[in-house]
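Overview (structure and organization)
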There are 2 protein chains.
Amino acid sequence: MIQEQRKFSIVGNSVHRVDGVDKVTGKAKYTGDLVIPEVAEGKFLRSPYAHARIRSIDTREAEAMAGVIAVLTSKDFTDISPYMGRSKNKDHPIIAVDRAIFAGQPVAAVAAVDRATAEEAFGKIHVDYEELPAVIDVDEAMAENTPRIHDFAERNICFQTELVKGDVEKGFVEADEIFEDTFEFPMIYHYSMEPHTAIAQVDSDGISVWTSTGHPFGVRQEIAEIFHYPLSKIRVHVNFVGGAYGSKSGGKIEPLVVALARKAQRPVRVVQSVSEAMATCRRHAIKCKVKTGVKKDGTLVAKQAEIYLNTGAYTETGPIVTGRTLTRILGPYRYPNLKINSYCVYTNTVSAASFRSIGGPQTAWATESQMDIIAQKLGLDPVALRLKNLVKKGEEIRPKFRPLDADLAKGFKLVVDKLGWDGPVSKDGRGRGVGFGTTDPGAPLASTSTVHVLADGSVVVLCGTVELGQGAKTVMSQIVAEELSVSLERVMIRPIDTAFTPFDRSTGSSRSTTVMGKALELAGADARQQILELAAEHFEAPEEAITLKDGEAMARGKKVSYGELIHHHFAMQGGELVGRGYAHGGMAPDPPNPLFWEIGIGAVEVDVDRETGKVHVAKYVTAADAGKALHPLQCEGQDEGSAMMGFGHTFYESYYFEAGQIINSTMVDYKVPTFDDVPDEFESILIEDGNGPGPYGSKGLGEGGIIPVAPAVANAIAWSTGARIRTLPLTPEKVWRALQNAKKEQSR
Amino acid sequence: MIQEQRKFSIVGNSVHRVDGVDKVTGKAKYTGDLVIPEVAEGKFLRSPYAHARIRSIDTREAEAMAGVIAVLTSKDFTDISPYMGRSKNKDHPIIAVDRAIFAGQPVAAVAAVDRATAEEAFGKIHVDYEELPAVIDVDEAMAENTPRIHDFAERNICFQTELVKGDVEKGFVEADEIFEDTFEFPMIYHYSMEPHTAIAQVDSDGISVWTSTGHPFGVRQEIAEIFHYPLSKIRVHVNFVGGAYGSKSGGKIEPLVVALARKAQRPVRVVQSVSEAMATCRRHAIKCKVKTGVKKDGTLVAKQAEIYLNTGAYTETGPIVTGRTLTRILGPYRYPNLKINSYCVYTNTVSAASFRSIGGPQTAWATESQMDIIAQKLGLDPVALRLKNLVKKGEEIRPKFRPLDADLAKGFKLVVDKLGWDGPVSKDGRGRGVGFGTTDPGAPLASTSTVHVLADGSVVVLCGTVELGQGAKTVMSQIVAEELSVSLERVMIRPIDTAFTPFDRSTGSSRSTTVMGKALELAGADARQQILELAAEHFEAPEEAITLKDGEAMARGKKVSYGELIHHHFAMQGGELVGRGYAHGGMAPDPPNPLFWEIGIGAVEVDVDRETGKVHVAKYVTAADAGKALHPLQCEGQDEGSAMMGFGHTFYESYYFEAGQIINSTMVDYKVPTFDDVPDEFESILIEDGNGPGPYGSKGLGEGGIIPVAPAVANAIAWSTGARIRTLPLTPEKVWRALQNAKKEQSR
């Protein structure tokens, strides 16, 4: 309520991006742009086999080569473990130890005077492989008698988890209709503009890493653990990062680059290609069997699902993603009875990792596709079917989770109204579809920051949130400027250097504006309070009588600049005020999960070319719940960008394998959407109820928009053509074949 | 009183220097060791004339030279003023504008691919000079009809100030004896191991400077003002500095290096030679006429002094040094009547700057030499004469100044007892002398700092005090370790980077342990309090029941590490606690000046070789008032180092000029003390009354030890040989000549 009355001067405005000029003029420095003195170039020699025993590696000839500085193999890990990984499994070798378990796994690393020399040295490293049988998909992996990728994982199951509510068998008995479908979602690549790039230096001061990560403090923690250093001796530098989407969450290539630099005794830089980045991490492929029981009127009564996640070679964040599918398969619907089983399965493929809305688009692909299968069968309007089953604000989605904090029906109606919904097929025959996602975002707590007011009134912010392109520097600057009542131009966010920047958990999981934003709001308010106290002393007036505006304190018709107040406080010698803010455990609600519910609603209208199977998106409406949009244009940009990314996996994206090898790992072969794919009409709706836990009632977004796209499009195709497709991507060929099958079935 | 009862575990111990290993192994990086990518080498072309009009400078031939990147002259200062300087006079051209006003002044600057090319380019810069008459000493400068060095300065007087108390004429009337002497103290060089070195880079992020300064925030301020940037856009980096002693206080070569880098459009490094450093700044030479009225019993009744400081070409800190002589000429003695006039005089010589105990050794040279002239004439023991006139604790030294905070007689007796004083000549004929300094150190307020406790319990300190060799990193680490109850090894002081490090006024003026130490004590206590609160919550116990020790909190027989407490507070996601400390105006006493009195007491025993005039120091006892010695060995090191520096100006040091040129500006020609000059017996006494304003009752030292050396030695020579010398240095030739004169006088 207080928030509602507050009049904002900076927050809520779509100000110019604070990093905009540097980015469009090319001045913004990304990791690969940095010049580190004496740096050597590193390259990883990768396994050509999806599964092979490494009998021996002979590096002598390579090491003797002119220009080669160091060659690293697992044999160099004598004083430390060669395994990393955030899970207790610790099954992620920093470099292959005695087996290669996916094609593309690093088996040796070379540091040389230049990249050509490093690549030439690859020809002089003699690896004696014994090829072993490999498993690429989850069915192969879980088959009886398949060899285990990791000794401890029976049937290659890395992790499994279950959600049970009510009695699902009883539910099915009560149902009028039961629907059983299997959906598949392929492996896809994050495709951030900047592939993984890292520079490492190991010297008597400790370990320094410059890296394109979204988790500078996570990387610090992992490096500290692997190399046995205190946190204070690991220095991670990050400034601009060219996108991440989960591909840069936690240590990726950094530990290996550090190990190589440690052996080389000089700084080493590794700049990966797109192919190498595709061999570093990707999204979980999912195979999902869904069985849903429904009353004739459309009331959902039971849902059973088996979800198999292809997690690849290492545990990585697989169990977290797997756990998250339990909520995300539910969508925004009320089910009295549930039984969801989710399995995280190892395969001989590149390890899956976090990816924008982990497990979200994959499970929504199943649930939201099936909702329209149900509607079609029951003769119901798909919008009406959803509205009937939508969980209400304050109602439970998942047992023991925080009740829903949003009015879903209101948002959904805004979206379908904007699309002009009057049925799933328009008058001119276009197909229409909707999709809905309601997810428990990661949004972990733990951000700290400091805000510094200098003696000339300029403001410096130490904030560990990474500018990944999402506009973090801008929105964080807005929050601080708002709290301190200074113009945005006065505020400068420093690059991240963990030697100085206070701790932040990570950038991602829709957390930064909400959690770091809160830390900055508190740090700014702390500094503001100090200014108020100095001003009260200066004016000999109570704090309530002081007004702060544009870097000045005013009272009794007089004004004084913040700088003057600071100078005076510090004996006219300069000085500085430091505000401190923590977003700690106390910020969590009870129950603590989720911090907020993240909403993604999409509605689409498509033309399907019956001759070619090519689908044209005429109109797309997306909606996100911003709580309070601190920078509306950036919120829309996040939501629309997320939806556009969804068009990628909807129409184009998939890893393709042949004999265990990825065969489309180049920018030519792996297709992503371009500006040509932007829908003719494209609308983003921001829901602002002011009820988020972040600053001024904000909540996270950016992960919702991607969720509903694929099922909305598939539903639109199905309603307008009768062709129901249960695997992605919806390539023209696949759509064309589905159209032919649909024709055959209809003519039967 | 509370301090007395506190039991310290780290403070008060002479722990190993935290930077010791890096220094003795050569790993510590000084500014000249840094490798900045793309750096160009800069050199300054200097005036060969002490005074000359610059008719024109033709740089075209130099600019056309291969390898020359930029040539800078005052003509390049089109958008900004070419003048710098902290005083309102702003009479310090960053580069000579239309006149050169001392030999060695930069008239052009070259940035080139290497230093040889830059030097070669000097031959192709054509400067058309018109030589003008120059003044080197204050008498010449103040003579009638001497041309003005700066238009506004009549008789070349830059600044003058006066101290009057009682009625000095009346005092002289009441006196039984009146003594009138003139003393001279030459220009001397700071001779820090590292000459001035700076690297600058100007790009779209702002201005970055890596420099060997003791005033990173002062340099930031000056660069911001000169180049019109907000403070937040100036980034000054400092880590290790090889000594300063005042030569690196405030901007020295940095503005010119920045201007050159700005023109060169790439980073530029300037590494000065010793000769160039000698042409950058030096100590004020002083000519001092002292007239003192004394009763027969030795009671001082009146003092009149005229002090002329040769301040060189620019104002710099001349007025501050001049002002400080008013107190420092007084010594520790009670005078009912005073009239002190002090004049800061421009000359055509390199500008004088701050130098360890500004104006202290020079004025003590006069006052303390004359005390023994008085004693000798009145037939009094020089120790007894001093004891008779010493100001008592709580008594006023100078009107309106804070009363004396130390028991001088107690300290003085400790020193003379340690020397074995039983008269000014020992039984075996050695001369003995004493000297005394009581000074109002600069010790300006305004330090801020943050102390960070990380989630593994390691502690990071952001502290703007520069490690100049004085041991700042060690003592600051001790304070934080003490406050947080962690081992010293856990604490890491970060290098200074003004982009991140909170404001500190400066390093110097005996301020750092007292003022920054207080800020760190408060920041550490703030972090400690946060740990206590978390522990109280953890143990469900009152804070008083918690004991903190070795990084763990204990209560009820259980313990928990700081790291665990932090993790728990931050939802098991990591986290960090930030403690904040300010030493602001509120720390000052009333009256605010000085923050504390700094004491220097010295007593010496010498052998004078009557054949050669060579003086051998058999024994030296020095004493400093530490308040509380936080690191006794470092305190002794400071005090002894200060005294050794005093032996430098006592026996060896002086700038020598010929035709306006310094003729001894090389390491061969300019002599400083070596280990051979260390007295056979050398003792340092630390007075610890626990009454300082710094942490745990500490106060600053390091500037006191240098003050009494020269007069103590001169007094010892005089008592044992009858030769009274009133100018420094006491070279063998000068002593020998004085011995000859003394013989003549005695034989008359």
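Residues numbered from 1 in each chain as written. Chains lettered and ligands numbered in written order. Predicted model: local features only at pLDDT ≥ 70, side-chain atom pairs only at ≥ 80, totals over all residues.

**Quick notes on the overall build of chain A**
- Along its length, chain A carries 19 helices and 31 strands.
- Taken over the C-alpha trace, chain A has a radius of gyration of 27 Å; the compact-globule value for 748 residues is 27 Å, and the two agree within 12%.
- Residues counted as buried form 60% of the 748 residues belonging to chain A.
- In chain A, 80% of the contacts between residues at least 6 apart in sequence involve partners at least 24 apart. (Helix = DSSP H or I, 4+ residues; strand = E, 2+ residues; numbered from the N terminus. Rg over C-alpha atoms; globule rule 2.2 N^0.38 Å. Buried ≥ 20, exposed ≤ 12 C-beta atoms within 10 Å, placed from the backbone. Contact = placed C-beta atoms within 7 Å.)

**Quick word on helix 14 (residues 472–484) of chain B**
- With 13 residues, helix 14 of chain B extends 18 Å between its outermost C-alpha atoms, agreeing within 8% with the 18 Å of an ideal straight helix rising 1.5 Å per residue.
- Of all 13 residues in helix 14 of chain B, 13 are buried; the element is thus mostly enclosed. (Expected span 1.5 Å × (residues − 1).)

**A short note on the interface of chain B and chain A**
- Between chain B and chain A, the residue contacts involve 42 residues of the former and 42 residues of the latter.
- Top element by residues in the side of chain B that touches chain A is strand 19 (residues 447–454) of chain B. It accounts for four residues.
- Taken together, the residues that form the side of chain B that touches chain A break down as 21 nonpolar, 13 polar and eight charged. (Nonpolar A, V, L, I, M, F, W, Y, C, P; charged D, E, K, R; others polar.)

**Some remarks on the sheet that holds strand 24 (residues 552–555) of chain A**
Residues and elements named next belong to chain A.
- Here three strands make up an open sheet; going across it, the order is 23-24-25 and the pairing antiparallel. Each having just a single partner strand, strand 23 (547–549) and strand 25 (558–561) make up the two edges of the open sheet. When strand polarity is set aside, the average angle formed by the axes of neighbouring strands in this sheet is 25°.
- Bridge analysis of strand 24 against strand 25 gives four bridges, and the strand direction is antiparallel. In the strand pairing of strand 25, Met554 is matched with Lys559.
- Sitting on the sheet, helix 15 (residues 512–539) is in contact with strand 23, strand 24 and strand 25, with an inclination near 45° to strand 24.
- Strands in contact with helix 16 (residues 562–569) are strand 24 and strand 25; relative to strand 25, the strand with the most contacts, it is inclined by about 70°. (Pairing = 2+ DSSP bridges. Axes fitted to C-alpha atoms, helices over the stretch in contact; angles between N-to-C directions.)

**A short note on the sheet that holds strand 16 (residues 300–312) of chain A**
Residues and elements named next belong to chain A.
- Judged by pairing direction, the sheet is mixed, and its five strands sit side by side in the order 9-17-16-15-10 without closing on themselves. Each edge of the sheet is formed by a strand with only one pairing partner; in this case those strands are strand 9 (157–165) and strand 10 (177–185). Averaged over all neighbouring strand pairs, the angle between strand axes comes to 10°, with direction disregarded.
- Here eight bridges tie strand 9 to strand 17 (residues 337–346), and the two strands are oriented antiparallel to one another. For Thr161, the partnering residue across the bridge sits in strand 17 and is Ser342.

**A word on the pairing of strand 15 (residues 285–294) of chain B**
Residues and elements named next belong to chain B.
- With eight of its 10 residues buried, strand 15 lies for the most part within the structure.
- With nine bridges connecting them, strand 10 (residues 177–185) and strand 15 associate as antiparallel partners. Across the sheet, the residue bridging to Phe185 is Ile286, located in strand 15.
- Note that strand 15 and strand 16 (residues 300–312) share 10 bridges and pair antiparallel. Bridge pairing in strand 16 links Lys291 to Gln304.

**Let's talk about the relation of the copies chain B and chain A**
- Mapping chain B onto chain A calls for a screw motion: a turn of 180° about the axis and a shift of 0.0 Å along it, with 0.0 Å RMSD after fitting. Both copies are brought into coincidence by an operation consistent with a two-fold rotation axis.
- Comparing interface residues between copies, 100% of those in chain B also lie at the interface in chain A; the contact surface is shared. (Least-squares fit on C-alpha atoms with pLDDT ≥ 70 in both.)

**Some remarks on unusual backbone geometry**
- Residue Pro594 of chain A is bonded to the preceding Asn593 of chain A through a cis peptide linkage, with omega at -10°.
- Here the bond from Leu728 of chain A into Pro729 of chain A is cis, since omega is -5°, no more than 30 degrees from zero.
- Of note, Pro729 of chain A is situated in the loop between helix 18 (709–721) and helix 19 (732–747).
- Positive phi, normally seen in glycine, also occurs at Asn145 of chain A, with a value near 65°.
- Along the chain, Asn145 of chain A turns up in the loop between helix 5 (138–142) and strand 9.
- In this structure Asn145 of chain A comes out as exposed when scored by C-beta crowding, with 5 C-beta atoms within 10 Å.
- Phi is positive for Ser485 of chain B, which is not a glycine, with a value near 55°.
- A tally of 19 C-beta atoms within 10 Å means that Ser485 of chain B is categorised as partly exposed.

**Overview of the packing of helix 7 (residues 216–227) of chain A against helix 8 (residues 254–264) of chain A**
Residue and element names in this part refer to chain A.
- At their nearest, the axes of helix 7 and helix 8 sit 10 Å apart, and the two run at 50° to each other. With respect to their mutual orientation, helix 7 and helix 8 come out oblique. Along this stretch, helix 7 crosses helix 8, giving a crossing that reads as right-handed. Counted together, Val219, Glu222, Ile223, Ile226 and Phe227 of helix 7 and Glu254, Pro255 and Val258 of helix 8 form the full contact between these two elements.
- Taken together, the residues of the contact of helix 7 with helix 8 break down into six nonpolar, no polar and two charged. (Parallel < 35°, antiparallel > 145°, perpendicular 65-115°, else oblique. Left-handed = near helix turned anticlockwise from the far one by under 90°.)

**Some points on the domain arrangement of chain A**
All names here are of chain A.
- By domain assignment, chain A separates into domain 1 (2–28 + 446–587), domain 2 (34–132 + 192–244 + 247–278) and domain 3 (363–440 + 591–747).
- Between domain 1 and domain 2, the C-alpha centre-to-centre distance is 38 Å.
- Between domain 1 and domain 2, the contact holds 17 residues from the first and 18 residues from the second.
- Taken together, the residues of the side of domain 1 that touches domain 2 break down into seven nonpolar, six polar and four charged. (Domains from an automatic or database assignment.)

**Points about the environment of Gly613 of chain B**
- Within the element layout of this structure, Gly613 of chain B appears in the loop between strand 27 (598–608) and strand 28 (615–625).
- Between the C-alpha atoms of Gly613 of chain B and His631 of chain B, which are 18 residues apart in sequence, the distance is 39 Å.

**Structural notes on the environment of Lys518 of chain B**
Residues and elements named next belong to chain B.
- Relative to the helices and strands, Lys518 is located in helix 15 (residues 512–539).
- Judged by the 25 C-beta atoms lying within 10 Å of it, Lys518 is buried.
- Note: C-alpha distance between Lys518 and Leu454 (64 residues apart in sequence) is 22 Å.
- If we ignore the near neighbours within four places in the chain, the residues touching Lys518 are Ala583, Met587, Gly694 and Pro695.

**Digging into the nonpolar core**
- Core analysis: the largest hydrophobic core is formed by 469 residues, its most contacted members being Val461 of chain A together with Val461 of chain B.
- Contacts of Val461 of chain A, omitting those with residues within four sequence positions, involve Ser449, Val451, Met476, Val480, Val491, Met492, Ile493, Arg494 and Leu520 of chain A. (Core = buried A, V, L, I, M, F, W, Y, C linked by C-beta atoms within 7 Å.)

**Considering the pairing of strand 11 (residues 197–203) of chain B**
Residues and elements named next belong to chain B.
- With six of seven residues buried, strand 11 is to be regarded as a mostly interior element.
- Note: strand 11 against strand 14 (residues 268–271), four bridges, orientation antiparallel. The partner of Ala200 across the bridge, within strand 14, is Val268.
- As defined by bridge partners, strand 11 adjoins strand 12 (residues 206–211) across six bridges and the pair is classed as antiparallel. The residue of strand 12 that forms the bridge with Asp203 is Gly206.
- What sits between strand 11 and strand 12 in their antiparallel hairpin is a turn of two residues.

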